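# Fold and geometry: a report
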Amino acid sequence: MLALVSAPSTIRELAATPNPEARALLAELSIGLTLEQAAAAPKLFQLRRQLGETVLIKLLVVILRAFLDSLRVPDKPDAADILELADTLAHTYTHESVKDIILALKEARTRGSKFYQSLDPARLYALLAEYFERKTRYLETQHLDRKARAAGEATATLTQLQQAAPQLVAGIARRIPLDHPNAKHLRQRLTILTQKEKRGLLPPEQSAQQFQQLQLATPRKSRPDWQPNPAAPKLIDARHRAEDHLLAQLYRPNPAA
């Protein structure tokens, strides 16, 4: 399509001259075209910034001319009307895409629109306005559907977390600190109880009771009375020196012997 508008032709020539190649290319572009694809395509203001005002107007002129050539209507807009239509579309639907224009014109033909031997610019504006109103309702419905799905997924996730919370809390409560003096023994007991619980070898009441006893044995309470006295190292060192001195006296060689 850009190759057609890049040819050395004036906008007036594009609007006044039938172009079978443009019609074929436009039909090819419209195959399988959906509202989602049209909504995701580059917008007119982006194309104006990227390609320039003249190229954008030429592109719209080619699209409109190809659409009008596809209609078997004796009375339809002429070259001047096409130029005015292209300029109006470029400045009215700045945040819509070229594919929106193509899809709107395609639906004008395929949705059973009746032109009654004539098609004036006002009728064409009305068809485009109907398309964009329909597109707005569709996008709004899609947005609400996505919000509803997201809310449903969040509710399902919350339900799963609520169901798994007791197991997570129980698993955290059954953790044994690595620095626990009896960590190895408690871990063996925990493994045995877990396997018995999985295999149904313990009644639920007895299993819960034994797990509770294990949890009560896991915490390490602080015992201030177990803390060493600051003077104890000095007393121990003095006792060791006295013992060393006594041993030295006992086993020292006797020079008089």
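A brief report on the enclosed structure follows. This is a predicted model, so every value here is computed, not measured. (Residues numbered from 1 in each chain as written. Predicted model: local features only at pLDDT ≥ 70, side-chain atom pairs only at ≥ 80, totals over all residues. Heavy atoms only, no water.)

This part covers the overall build of the protein. What the protein contains, in helices and strands, is twelve helices and zero strands. Going from N to C terminus, the protein has its helices and strands arranged as α-α-α-α-α-α-α-α-α-α-α-α. Buried residues in the protein amount to 27% of all 257 residues. In the protein, the proportion of contacts linking residues at least 24 apart, taken out of those at least 6 apart, comes to 78%. (Helix = DSSP H or I, 4+ residues; strand = E, 2+ residues; numbered from the N terminus. Buried < 20%, exposed > 50% of the residue type's maximum accessible area, 1.4 Å probe, protein only. Contact = heavy atoms within 4.5 Å.)

Quick look at a nonpolar patch on the surface now. Together, Leu246, Leu247, Leu250 and Tyr251 make up a nonpolar patch on the protein surface, roughly 490 Å² of accessible area in all. A relative accessible area of 59% places Leu250 in the exposed class. (Patch = residues over 30% accessible without salt bridge, like charges linked within 9 Å, V, L, I, M, F, W, Y side chains within 5 Å. Areas by Shrake-Rupley, 256 points an atom, 1.4 Å probe, with all protein chains shown as cover. Salt bridge = Lys/Arg side-chain N within 4 Å of Asp/Glu carboxyl O.)

Quick look at the nonpolar core now. The nonpolar side chains of a soluble globular protein tend to be buried, and buried together. Ranked by internal contacts, the top residues of the largest apolar core, which has 42 residues, are Ile63, Leu64, Phe67 and Leu105. Listing elements by their share of this core, those giving two or more residues are helix 2 (11-16), helix 3 (20-29), helix 4 (35-40), helix 5 (44-51), helix 6 (53-69), helix 7 (79-92), helix 8 (98-110) and helix 9 (121-173). Ranked by the residues each element gives to this core, the list is headed by helix 6, at eleven residues. If we skip the residues at most four places from it in the chain, Leu64 touches Ile82, Leu85, Ala86, Leu89, Leu105 and Leu124. Grouped together as the second largest cluster of nonpolar side chains are eight residues, Ala183, Leu186, Leu190 and Leu214 included. (Core = buried A, V, L, I, M, F, W, Y, C linked by side-chain atoms within 4.5 Å.)

Where helix 5 is concerned, the buried positions are Leu44, Leu47 and Arg48. Projection of helix 5 onto a plane perpendicular to its axis shows the buried side chains occupying an angular sector of 105 degrees, all on one side. Turned more than 90 degrees away from the buried face of helix 5 sit Arg49 and Gln50, all of them exposed. At its buried positions, helix 5 is contacted by helix 6, helix 7 and helix 8. (Arc of directions from axis to C-beta.)

With respect to the secondary-structure elements, Asp100 resides in helix 8. On the basis of relative accessibility, which here comes to 0%, the residue Asp100 falls in the buried class. Considered as a pair, Asp100 and Ala41 are 59 residues apart in the sequence and their alpha carbons are 8.4 Å apart. Contacts of Asp100, omitting those with residues within four sequence positions, involve Ala38, Ala39, Tyr131, Phe132 and Lys135.

Moving on: the side chain of Arg48. With respect to the helices and strands, Arg48 occurs in helix 5. Residue contacts for Arg48: discarding those within four places in its chain leaves Glu53, Leu56, Ala90, His91 and Thr94.

By convention here, two paired aromatic rings are described through the distance between centres and the angle between planes. Enumeration over the complete set of coordinates arrives at two aromatic pairs. Pairing Tyr131 with Phe132 gives two aromatic rings, centres 5.1 Å apart and planes at 75 degrees, and the pair type is edge-to-face. Of the two residues, Tyr131 and Phe132, both sit in the buried class. An aromatic cluster of at least three residues, connected via ring pairs, comprises Tyr93, Tyr131 and Phe132. (Phe/Tyr/Trp six-rings, centres within 6.5 Å; stacked < 30°, edge-to-face > 60°.)

Helix 6 packs onto helix 5 with a crossing angle of 130 degrees between their chain directions and a minimal axis gap of 7 Å. As the angle between them shows, helix 5 and helix 6 are arranged oblique. Along its contact with helix 5, which presents Leu44, Leu47, Arg48 and Leu51, the element helix 6 presents Glu53, Val55 and Leu56. Here the residues of the contact of helix 5 with helix 6 sort into five nonpolar, no polar and two charged. (Axes fitted to C-alpha atoms, helices over the stretch in contact; angles between N-to-C directions. Parallel < 35°, antiparallel > 145°, perpendicular 65-115°, else oblique. Nonpolar A, V, L, I, M, F, W, Y, C, P; charged D, E, K, R; others polar.)

Attention shifts here to helix 11 (residues 204-217). Between its first and last C-alpha atoms helix 11 spans 20 Å; for 14 residues at 1.5 Å apiece the expected length is 20 Å, and the two agree. Residues of helix 11 that are buried: Ser207, Phe211 and Leu214. End-on, the buried residues of helix 11 take up no more than an arc of 60 degrees, which puts them together on one face. With respect to the buried face of helix 11, the exposed residues turned more than 90 degrees away are Glu205 and Leu216. Packing partners of the buried residues in helix 11 comprise helix 10 (183-199). (Expected span 1.5 Å × (residues − 1).)

Turning our eyes to something else, we now look at the packing of helix 6 against helix 8. Axis separation between helix 6 and helix 8 bottoms out at 11 Å; the angle between their running directions is 10 degrees. Considered as vectors, helix 6 and helix 8 are oriented roughly parallel to each other. Residue-level inspection shows Leu59, Leu60, Ile63, Leu64 and Phe67 of helix 6 in contact with helix 8, the latter providing Val98, Ile101, Ile102, Leu105, Ala108 and Arg109.

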